[in-house]
Amino acid sequence: MNTDVATQIDYWDRVAGEKSFSHPLRLDWLKRGIDLSTRHSTIVDYGCGYGRTLKELWRNGYHNIVGIDFSAGMLMRSRSELPRVPLVRSDGRTLPLRADSVAVVLLFAVLTCIPESDEQQRLIAGVSRVLQPGGLLYISDLLMNEDERNRARYKEHVHKYGCYGVFELPEGVVVRHHRKQWIEELTGAFETLSFEPFVVTTMNGNTSAAFQYLGRKRQNLE
């Protein structure tokens, strides 16, 4: 499977002003997972989009935050609403941060935009690199659905992309729904703190099975 990053970026630039996202941010997960003394440690929202989650963090006193996205259109929208938050444009494949430099990385509806398994693995390895030992990885994303509509589009595209759960949206972007077993494999290097399924409204107004995952980077044992 080989999806074109430039095509993905073009899509998100085109829809930057019209899409909205609804994955909930569990602030209690952050409070449970990190000491209150780390309230001023850096939290990175990778794939921050138009800044919805950054705005919620800021409102709740988390001001040492950074947003990263590959879409200039999304970052422009975010910058207009969050002028005091540092925003970084990435290449869509790497995290432009120093090793062991951040306390928390958020990946909200990011994996669904990265259909390839090897690229998802590359991203999670990059997250592990930039997280401090004991730092948190917080994922919110989409699970596989069992309704007729979704099964039909999984089957329609499985031969083209070589992965059941990857499909094309009519407006010109490739996305992925995930098996729980794949998420467990993908995050296997982390200590799992929570995994909770839920139902979310997608950017196109449909409902989908979803999950939230909280994991901790293991402490170095050397």
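Relevant structure appears above.
Residues numbered from 1 in each chain as written. Predicted model: local features only at pLDDT ≥ 70, side-chain atom pairs only at ≥ 80, totals over all residues. Heavy atoms only, no water.

**Looking at the pattern of salt bridges**
The line we're drawing: A pair is scored as a salt bridge if a Lys or Arg side-chain nitrogen falls within 4 Å of a carboxyl oxygen belonging to Asp or Glu. Secondary structure follows DSSP: runs of H or I at least 4 residues long count as helices, runs of E at least 2 residues long count as strands, and numbering of each begins at the N terminus. The rule is simple: take the accessible area with a 1.4 Å probe, protein chains only, and divide by the maximum for that residue type; under 20% is buried, over 50% is exposed, in between is partly exposed.
Taken as a whole, this structure holds nine salt bridges when the rule is applied. Arg-14 is paired through a salt bridge with Asp-10; the nearest N and O atoms lie 3.2 Å apart. Taken together, the residues span about one helical turn, with Arg-14 and Asp-10 both in helix α1 (residues 5–15) at a distance of four residues. Judged by its relative accessible area of 48%, Arg-14 is partly exposed. Residue Asp-10 is classed as partly exposed on the basis of its relative accessible area, which comes to 41%. With a closest N to O distance of 3.9 Å, Arg-216 and Glu-191 form a salt bridge. Of this pair, Arg-216 sits in strand β9 (residues 207–217) while Glu-191 sits in strand β8 (residues 190–201), and the two are 25 residues apart along the sequence. Shared partners join several salt bridges into a network, and the residues in it are Arg-26, Asp-28 and Glu-196.

**Focus: the sheet that holds strand β3 (residues 87–89)**
This is how it is decided: At least two DSSP bridges between two strands are needed for those strands to be called paired. Inter-axis angles, ranging from 0 to 180 degrees, are taken between N-to-C directions of lines fitted to C-alpha atoms, where helices are fitted over the stretch in contact. What makes two residues a contact is simply this: any of their non-hydrogen atoms within 4.5 Å.
Reading across from one edge, β3-β2-β1-β4-β5-β9-β8 is the order of the seven strands in this open sheet, with mixed pairing throughout. On the outer flanks of this sheet lie β3 and β8, each paired with one strand and no other. Taking the axes of each pair of neighbouring strands and ignoring which way they run, one obtains an average angle of 15 degrees across the sheet. Bridge count for β8 against β9 is eleven bridges, and the pairing is antiparallel. Looking across to β9, one finds that Phe-198 is bridged to Ala-210. Sheet contacts for helix α3 (residues 52–59): β1 (43–46), β2 (65–69), β3 and β4 (102–108); angle to β2, the most-contacted strand, approximately 180 degrees.

**Thoughts on unusual backbone geometry**
Of note, the phi angle at Asp-100 is positive, near 55 degrees, even though the residue is not glycine. Following the sequence through the fold, Asp-100 ends up in the loop between β3 and β4. Despite not being glycine, Ala-109 has its phi angle at roughly 55 degrees, a positive value. Structurally, Ala-109 is set in the loop between β4 and α5 (117–130). A relative accessible area of 22% places Ala-109 in the partly exposed class.

Geometric descriptors of this kind do not, in isolation, establish any biological role.
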